[in-house]
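# Residue-level structure breakdown
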Amino acid sequence: MSKSREFNARLNVMGGMRRVTATMKMVAVSHLHHAQVEMRLPAPFAQELRKLAIVVHQIAAFSEHRLFLPPPKRGARVLLLVMTSDRGLCGAFNANILHEARRWLHEQRARRGAIVDALYAGQKGYAALRRDLPACTHVFHVSAHPKASEVAPIASYAMNRFNDGRYDEICIAGSRLVSAMKHVAAVRRILPFTRHVTDVPGVDAPIVEPMDGRMLGAVMRLWVHYCVYLAQLHRAAGEQASRIIAMENATVNLKAMESELTLQRNRARQTAITNELTEIIGGAETLA
């Protein structure tokens, strides 16, 4: 009987854990749907902002500004924005980002001799990389549904340090959501601004007012803010997608463990009953 009570107690614990993981999965599904909707909202603004940045890039007075010039090939000072989550229980989501950040860091230091500082948005990244890559400021906390106002301090810090000449390059290490089942960790550069071949060409002689640094600074500040905000939206969606998979796997494993434990309990109970019957029959035969 003591063994049966022990098995029942373990089954009750596993049943409670399974209900928790199943509930966390359902909560993550709701968060993921919300995050995917939020990811599509800035798309029209981003398209127009990139067109405006390309127009500004074409102006001769701005084309030689350090916001558009390539960074130094050797000894560049780089600020890396590491975008991870504050919480765990999301599978390999944070591990993939950290692995890619470490690979990029070793490559930049070996190939370019880059001097890299880090700004951490998310406690998981700071806890894992703080020895290899010390933080240049305090750790920024992230939310399940980031708002543009929440990421403004991160974007302002990066833009101000770039304008002050402290850094030659601003990069983001984060995750890009491809689908609910796939997200890709990558490090990409956001400053200096780079115009790709596939970008829509601007007009030949753009007329921009005011024709001074105010326009350039305002456009690039918006560009950095958008890039950081988009990275946070992808981070939030990827975190929830990974949590769905992790909690689904945990629920399935707990069900399998419960089935195995139930079988062991039944076998132990049957063995105990068989032993008791054997003792009773043996005692009856002795008395006879």
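This text follows the structure it describes.
One numbering rule holds for all chains: residues counted from 1, following each sequence as written. The model is predicted, so local features are restricted to residues of pLDDT at least 70 and side-chain atom pairs to those at 80 or more, both for listing and for counting; the totals for chains, interfaces and linings are taken over all residues. Side-chain metrics in this entry use all non-hydrogen atoms of the structure; hydrogen atoms and water are not considered.

### Quick word on the side chain of E38
Put simply, the rule is: Elements are defined by DSSP. Helices are runs of H or I of four residues or more, strands are runs of E of two residues or more, and each kind is numbered from the N terminus. Relative accessibility decides the category of a residue: with a 1.4 Å probe and only protein chains considered, values under 20% of the type maximum give buried, values over 50% give exposed, and everything between is partly exposed. Contacts were defined at the residue level, with two residues in contact if any of their heavy atoms lie within 4.5 Å.
Within the fold, E38 resides in helix α1 (residues 2-40). In this structure E38 comes out as buried when scored by relative accessible area, which is 7%. Look past the residues within four positions of E38 in its chain and what remains in contact with it is H145, K147 and L233.

### Points about the pattern of salt bridges
In plain terms, the rule: By salt bridge we mean one thing: a side-chain nitrogen of Lys or Arg within 4 Å of a carboxyl oxygen of Asp or Glu.
Applying the stated rule across the entire model yields 13 salt bridges. Note that D132 is salt-bridged to R102, the shortest N-O span being 3.5 Å. Of this pair, D132 sits in the loop between α5 (123-129) and α6 (148-163) while R102 sits in helix α4 (residues 93-111); the two residues are 30 residues apart in sequence, bridging distant segments of the chain. Residue class for D132 comes out partly exposed when judged on its relative accessible area of 36%. For the salt bridge of E239 with R243, the shortest nitrogen-to-oxygen distance reads 3.1 Å. With E239 and R243 both in helix α7 (residues 213-287), this residue pair falls four residues apart, about one helical turn. Each of the salt bridges in this network shares a partner with another, and the network as a whole consists of E100, R103, E107 and R111.

### Things to note about empty space enclosed by the protein
Our working definition: Each cavity reported here is a set of points on a 1 Å grid over the protein atoms alone in which a 1.4 Å probe fits but cannot get out, each pocket an open set with protein on both sides within 12 Å along at least five of seven lines, and each lining residue one with an atom within 4 Å of a point. Grid points are joined across faces, edges and corners, and a volume is the space filled by probe spheres set on the points.
Per the counting criterion, the structure on display carries one cavity of 30 Å³ or more. The calculated volume of the largest cavity comes to roughly 60 Å³. Lining the largest cavity, in full, are H141, V142, S143, P146, E150, V151, I154 and Q232. Ranked by residue count, the leading element in the lining of the largest cavity is α6, at three residues.

### Notes on the environment of G238
Looking at where G238 falls in the secondary structure, it is placed in helix α7. Through-space distance from the C-alpha of G238 to that of C90 is 9.1 Å; in sequence the pair is 148 residues apart. Those residues in contact with G238 that sit more than four places away from it in its chain are F93, L177 and H183.

### As for the nonpolar core
What counts here: For this analysis, a nonpolar core means a set of buried residues of the types Ala, Val, Leu, Ile, Met, Phe, Trp, Tyr and Cys, connected via side-chain atoms within 4.5 Å.
Core analysis: the largest hydrophobic core is formed by 50 residues, its most contacted members being L81, I170, M220 and V228. Elements that contribute at least two residues to this core include exactly α1, α2 (43-58), β1 (77-83), β2 (115-121), α6, β3 (169-179), β4 (182-191) and α7. For this core, the element with the most residues is α7, which contributes 16 residues. Core analysis: the second largest hydrophobic core is formed by 18 residues, V78, L80, A101 and V187 among them.

### Here's the deal with the environment of R188
Its place among the elements puts R188 in strand β4. With 14 residues separating them in the primary sequence, R188 and G174 have C-alpha atoms 8.6 Å apart. Contacts of R188, omitting those with residues within four sequence positions, involve I170, C171, I172 and C227.

### Some thoughts on the packing of α2 against α7
Rule in force here: Every axis in this analysis is a line fitted to C-alpha atoms, fitted for helices over the stretch in contact. Angles between the N-to-C directions lie between 0 and 180 degrees. Put simply, a crossing is left-handed when the front helix is turned counterclockwise from the back one by less than a right angle, and right-handed when it is turned clockwise. Residues are grouped as follows: Ala, Val, Leu, Ile, Met, Phe, Trp, Tyr, Cys and Pro are nonpolar; Asp, Glu, Lys and Arg are charged; every other residue, Gly included, is polar.
Where α2 meets α7, the axes come as close as 10 Å, and the angle between the chain directions of the two elements is 140°. Crossing of α2 against α7: the hand is left-handed. Facing α2, whose interface residues are F45, A46, L49, R50, L52, A53 and V56, α7 presents M215, L216, V219, M220, L222, W223 and Y226. When the residues that make up the contact of α2 with α7 are grouped by side-chain class, the tally is 13 nonpolar, no polar and one charged.

### Concerning the packing of aromatic side chains
Condition: Classification of ring pairs uses Phe, Tyr and Trp, with its six-membered ring standing for Trp, and accepts pairs whose centres are within 6.5 Å; under 30 degrees between planes counts as stacked, over 60 as edge-to-face, and the remaining range as tilted. Working rule: Lys NZ or Arg CZ, within 6 Å of ring centre, within 35 degrees of ring normal, means a charge sits over the ring.
Summed over all chains, the structure comprises four aromatic pairs. Between the aromatic rings of W223 and Y226, the centroid separation amounts to 6.0 Å while the plane-to-plane angle is 40°, which identifies the pairing as tilted. With W223 and Y226 both in helix α7 and three residues apart, this pair spans about one turn of that helix. What makes Y226 buried here is its relative accessible area of 15%. Three or more aromatic residues link up through ring pairs in this structure, and these residues are F68, F193, W223 and Y226. The residue whose ring lies beneath R66 is F162, and the NZ or CZ to ring-centre distance is 4.3 Å.

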